[in-house]
Amino acid sequence: MKVEVDVPKCVASGQCVLIAPEVFDQRDEDGMVVLLDETPAPELHDGVRESAMVCPAAAIHLTES
């Protein structure tokens, strides 16, 4: 799996951080998403998929391999 985020689309809701904190974080100054791991380990994939599904801005894009 490869993860990409479209930071300009992010609305800083923080749902991704709550679901997959090993993969996503937020900038302190504005709450925008920070991608910590663009190729997460397989055991994190379910959380990353859920994060992408619940993102209100659809700013998380996944490529499954």
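To be clear, the structure that these remarks concern was listed above.
Residues numbered from 1 in each chain as written. Predicted model: local features only at pLDDT ≥ 70, side-chain atom pairs only at ≥ 80, totals over all residues. Heavy atoms only, no water.

Within the protein chain, the secondary structure is distributed over 2 helices and 4 strands. Traced from its N-terminal end to its C-terminal end, the protein chain shows the element sequence β-α-β-β-α-β. Against the globule reference of 11 Å for 65 residues, the protein chain gives a C-alpha radius of gyration of 10 Å, in line with a compact fold. Once the C-alpha set of the protein chain is aligned to its principal axes, its extents read approximately 30 × 20 × 15 Å. Looking at the protein chain residue by residue over its 65 residues, the buried ones come to 35%. Taking contacts inside the protein chain between residues at least 6 apart in sequence as the whole, the part at least 24 apart equals 56%. As displayed, the protein chain offers around 3,900 Å² of accessible surface, 51% of which is attributable to carbon and sulfur atoms. Each charge class in the protein chain can be summarised by its mean position, and for the 4 positive and 13 negative side chains these summaries are 7 Å apart. (Helix = DSSP H or I, 4+ residues; strand = E, 2+ residues; numbered from the N terminus. Rg over C-alpha atoms; globule rule 2.2 N^0.38 Å. Buried < 20%, exposed > 50% of the residue type's maximum accessible area, 1.4 Å probe, protein only. Contact = heavy atoms within 4.5 Å. Areas by Shrake-Rupley, 256 points an atom, 1.4 Å probe, with all protein chains shown as cover. Lys, Arg positive; Asp, Glu negative; His and termini not counted. Charge placed at Lys NZ, Arg CZ, Asp CG, Glu CD.)

The next thing to look at is the environment of arginine 27. With respect to the helices, strands and loops of the structure, arginine 27 is situated in the loop between strand S2 (24-26) and strand S3 (33-35). Taking the C-alpha atoms as reference points, arginine 27 and alanine 12, separated by 15 residues in sequence, lie 9.1 Å from one another. In this structure arginine 27 touches Val7, Met32 and Val34, once residues within four positions along its chain are discounted.

Bringing the pattern of salt bridges into the picture now. Enumeration according to the criterion identifies 5 salt bridges in this entry. Between arginine 27 and aspartate 30 there is a salt bridge; the shortest N-O distance is 2.6 Å. You can call aspartate 30 partly exposed: its relative accessible area is 37%. (Salt bridge = Lys/Arg side-chain N within 4 Å of Asp/Glu carboxyl O.)

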